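What the coordinates show
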Amino acid sequence: MTTATAQAHISVNRSDRGATFEAARSSVPQVEEAHRVAPQDARRLSKLFFDQVSDLEEGTPEYQYARNTLIEMNLSLVRYVARRFRSRGQEMEDIMQVGTIGLIKAIDRFDVSLENEFTTFAIPYITGEIKRFFRDTTWSVHVPRRLQELRVDLARAREELEGRGNPEPSVADLAAQLELGEDEVIEGLVACNGYDAGSIDRPIEAGNSKQQAGLVADLIGNEDPALALAENLHALKPHLAQLDERERTLLELRFGSEMTQTEIGEELGLSQMHVSRLLTRTYTTLRESLLAEA
């Protein structure tokens, strides 16, 4: 839209509130299809709107109209900044929405009296909002913001060191470059693993042939049943200590030596039925103790 066309879309509507001064304050230009105003026209019209907004009472219809029109006219700034981030793997629509939040913050905080160019003032707000979006939402695993920022510093330091002829900078090299301790650098490198997550259904390529050799899931082991058994034994240990000597002997012969009830009876001079009753009573005692603990 050219300047002449933009001017054709502007009409001034003055509200009669009983006083010429008050009417002038409550009047703002009426712009049709503000989102289609060309950038050069948006810069000129924005100055006019900011002058009007500074004299309007917040919350009035005129103020809301002026603020909304400023947002629509300057969406081209959001599109300009958003294009820098289009290779980050996020939907452009999402980036635009986040950038628009930065634009709104810039409009609400812009001070006309400082006579700064709004474009210069708004772009850092828009860029900062988009960067915060990527920093806070694109990590596969949530890590503290300190480590998120350290990841960026580590990437920059690695690039600088590689540019100086150090293709594989060590932890010590990175620590010296960033003036940090090696432990902190190691913590940052470990946190970097949480930025991207790979699917277990991703195919594995073998050698230079690029032929599929299975899936990542094929390399993941199954759960070992012995792990659960170890946990159960650990939970059972303090309750076994509370049994009397005969009860512990019965359990040791039954499960340690893997003897039958008949063999245990012969070993201890008891009948098989008596051994069965003693074992059942011991099982019940242990089961009740574990359930009470749970």
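Residues numbered from 1 in each chain as written. Predicted model: local features only at pLDDT ≥ 70, side-chain atom pairs only at ≥ 80, totals over all residues. Heavy atoms only, no water.

**A few points about the overall build of the protein chain**
Here is the rule: Where helices and strands are cited, they refer to DSSP runs of H or I of at least four residues and of E of at least two residues respectively, numbered from the N terminus. Each residue is placed in one exposure class: buried if its accessible area under a 1.4 Å probe, protein chains only, is under 20% of its type's maximum, exposed if it is over 50%, and partly exposed if it falls in between. Note on contacts: a residue pair qualifies if any of its non-hydrogen atoms lie within 4.5 Å across the two residues. Computed by Shrake-Rupley with a 1.4 Å probe, the accessible areas treat only the displayed protein chains as cover when residues are assessed.
Looking only at helices and strands, the protein chain features 14 helices and four strands. Burial statistics for the protein chain: of 294 residues in total, 30% are counted as buried. Once local pairs closer than 6 in sequence are excluded, the contacts in the protein chain between residues at least 24 apart make up 52%. When the accessible surface of the protein chain is totalled, it reaches about 19300 Å², and 49% of it is carbon and sulfur.

**Considerations on the pattern of salt bridges**
To be explicit about the condition: One speaks of a salt bridge when a side-chain nitrogen belonging to Lys or Arg is within 4 Å of a carboxyl oxygen belonging to Asp or Glu.
Counted under the stated rule, the structure contains four salt bridges. Its salt-bridge partner being Glu129, residue Lys105 comes within 3.1 Å of it at the nearest N-O pair. One end of the pair, Lys105, is in helix α6 (residues 92-109); the other, Glu129, is in helix α7 (residues 118-137), with 24 residues separating them in the sequence. Judged by its relative accessible area of 27%, Lys105 is partly exposed.

**Let's talk about the packing of helix α12 (residues 245-256) against helix α13 (residues 261-268)**
Note the cut-off: Axes, fitted as lines to C-alpha atoms, cover a helix only where it is in contact. Angles between the N-to-C directions of the axes lie from 0 to 180 degrees. Just so you know how the angles are binned, under 35 degrees is roughly parallel, over 145 roughly antiparallel, 65 to 115 roughly perpendicular, and the rest oblique. The crossing is said to be left-handed when, going from far helix to near helix, the turn is anticlockwise and less than a right angle, and right-handed when the turn is clockwise. Basically, the charged four are Asp, Glu, Lys and Arg, the nonpolar ten are Ala, Val, Leu, Ile, Met, Phe, Trp, Tyr, Cys and Pro, and anything else, Gly included, counts as polar.
Between α12 and α13, the shortest axis-to-axis distance is 10 Å and the interhelical angle comes to 135°. Compared by their axis directions, α12 and α13 come out oblique. With respect to the hand of their crossing, α12 and α13 are arranged in right-handed fashion. Between α12 and α13, the contacting residues are Thr249, Leu250, Leu253 and Arg254 on the first element and Ile264, Glu267 and Leu268 on the second. Partitioned by chemical class, the residues of the contact of α12 with α13 number four nonpolar, one polar and two charged.

**Some thoughts on the packing of aromatic side chains**
In plain terms, the rule: Any pair of Phe, Tyr and Trp rings, taking the six-membered ring for Trp, is counted once the centres come within 6.5 Å. Such a pair is stacked with planes under 30 degrees apart, edge-to-face with planes over 60 apart, and tilted for the rest. Definition used: whenever NZ (Lys) or CZ (Arg) falls within 6 Å of the ring centre and also within 35 degrees of the ring normal, the charge is taken to sit over that ring.
Scanning all chains against the criterion turns up seven aromatic pairs. Measuring from ring centre to ring centre gives 5.3 Å for Phe110 and Phe118, while their planes differ by 80°; the resulting arrangement is edge-to-face. Each of the two residues, Phe110 as well as Phe118, counts as buried. Note on Phe121 and Tyr125: the rings are 5.1 Å apart at their centroids and 40° apart in plane angle, and the pair reads as tilted. Of this pair, Phe121 and Tyr125 both sit in helix α7, four residues apart, which is roughly one turn of that helix. Through pairs of rings, three or more aromatic residues link up here, namely Phe50, Phe110, Phe118, Phe121 and Tyr125. The ring of Phe255 carries the charged tip of Arg254 above its face, separated from the ring centre by 5.7 Å.

**Some words on unusual backbone geometry**
Backbone geometry places Glu179, a non-glycine residue, at a positive phi of 60°. Inspection of the secondary structure puts Glu179 in the loop between α9 (171-178) and α10 (182-192). For Glu258, which is not glycine, the phi dihedral falls at a positive 55°. The residue Glu258 is located in the loop between α12 and α13 in this model. By relative accessible area, Glu258 is classed as exposed at 65%.

**Here's the deal with helix α8 (residues 145-163)**
Counted only if it meets this: Multiplying one less than the number of residues by 1.5 Å gives the expected span of a helix.
Here α8 is 19 residues long and its end C-alpha atoms lie 28 Å apart, about the 27 Å a rise of 1.5 Å per residue gives. Three or more residues of α8 are buried, namely Leu147, Gln148, Leu150, Leu154, Ala157 and Leu161.

**Let's talk about the confidence of the model for the protein chain**
The test is simple: By definition, pLDDT measures how confident the predictor is in each residue, and it falls between 0 and 100.
For the protein chain, per-residue confidence averages 78 on the pLDDT scale, and residues scoring 70 or more make up 77% of the total. Confidence drops under pLDDT 50 across residues 1-26; counting only partners more than four residues distant or on other chains, this segment forms 37 contacts.

**Considerations on a negative patch on the surface**
Here is the rule we go by: Patch members must show over 30% relative accessible area and no salt bridge, and they are joined within 9 Å when carrying like charges or within 5 Å when they are nonpolar side chains of Val, Leu, Ile, Met, Phe, Trp or Tyr. Neither His nor the chain ends contribute to the count of charged residues, in which Lys and Arg are positive and Asp and Glu negative. In plain terms, the charge of a residue is placed at NZ if it is Lys, CZ if Arg, CG if Asp and CD if Glu.
Among the surface-exposed residues, Glu159, Glu160, Glu162 and Glu168 lie close enough to one another that they form a single negatively charged patch. We classify Glu168 as exposed; its relative accessible area is 66%.

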